[in-house]
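Chain and residue survey
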Amino acid sequence: MSAFTLLLFFIAVALVMASLIGHFYAIPQLSEYQYWLMTGGFAVLAFGIIFKGQSN
């Protein structure tokens, strides 16, 4: 993994973890946007996979 895709992977994991925390615990900021956090996490992960082989 390149540094760019590794960074995207960790961002995706952080978004998905925030979504799961918001689902299982009543944290207003996370619980309100849990669906969008999960969607964003998977979108970032897909973006990282699509551009994995790209380099300058």
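Above: the structure in question.
An account of the accompanying structure is given in this report.

About the criteria used
- Residues numbered from 1 in each chain as written.
- Predicted model: local features only at pLDDT ≥ 70, side-chain atom pairs only at ≥ 80, totals over all residues.
- Heavy atoms only, no water.
- Helix = DSSP H or I, 4+ residues; strand = E, 2+ residues; numbered from the N terminus.
- Buried < 20%, exposed > 50% of the residue type's maximum accessible area, 1.4 Å probe, protein only.
- Contact = heavy atoms within 4.5 Å.
- Axes fitted to C-alpha atoms, helices over the stretch in contact; angles between N-to-C directions.
- Parallel < 35°, antiparallel > 145°, perpendicular 65-115°, else oblique.
- Left-handed = near helix turned anticlockwise from the far one by under 90°.
- Nonpolar A, V, L, I, M, F, W, Y, C, P; charged D, E, K, R; others polar.
- Patch = residues over 30% accessible without salt bridge, like charges linked within 9 Å, V, L, I, M, F, W, Y side chains within 5 Å.
- Areas by Shrake-Rupley, 256 points an atom, 1.4 Å probe, with all protein chains shown as cover.
- Salt bridge = Lys/Arg side-chain N within 4 Å of Asp/Glu carboxyl O.
- Expected span 1.5 Å × (residues − 1).
- Arc of directions from axis to C-beta.

Observations concerning the side chain of S19
- Note that S19 resides in helix α1 (residues 3–24).
- In this structure S19 comes out as buried when scored by relative accessible area, which is 4%.
- Once you skip the residues sitting within four places of it in the chain, S19 turns out to touch Q34, L37 and M38.

Quick word on the packing of α1 against helix α3 (residues 34–50)
- In contact at an axis separation of 8 Å, α1 and α3 are set at 160 degrees when each is read in the N-to-C sense. What the angle tells us is that α1 and α3 run roughly antiparallel. For the pair α1 and α3, the crossing hand works out as left-handed.
- Residues that form the contact of α1 with α3 fall into these classes: 14 nonpolar, eight polar and no charged.

What about the environment of T39?
- Of note, T39 is situated in helix α3.
- For T39, a relative accessible area of 32% translates into the label partly exposed.
- Considered as a pair, T39 and S19 are 20 residues apart in the sequence and their alpha carbons are 9.1 Å apart.

Here's the deal with a nonpolar patch on the surface
- A cluster of nonpolar side chains, L6, F9, F10, V13, M17, L20, I21, F24, Y25 and I27, forms an exposed patch at the surface whose accessible area comes to about 930 Å².
- As for its position among the elements, F9 is in helix α1.

Details of α1
- With 22 residues, α1 extends 32 Å between its outermost C-alpha atoms, agreeing within 8% with the 32 Å of an ideal straight helix rising 1.5 Å per residue.
- For α1, the full list of buried residues reads T5, L8, A12, V16, A18, S19 and G22. Angular distribution of buried residues about the axis of α1 spans 155 degrees; they occupy a single face of the element. Seen from the buried face of α1, the exposed residues on the opposite side, beyond 90 degrees, are A3, F10 and F24.
- The inward-facing, buried residues of α1 abut α2 (28–32) and α3.

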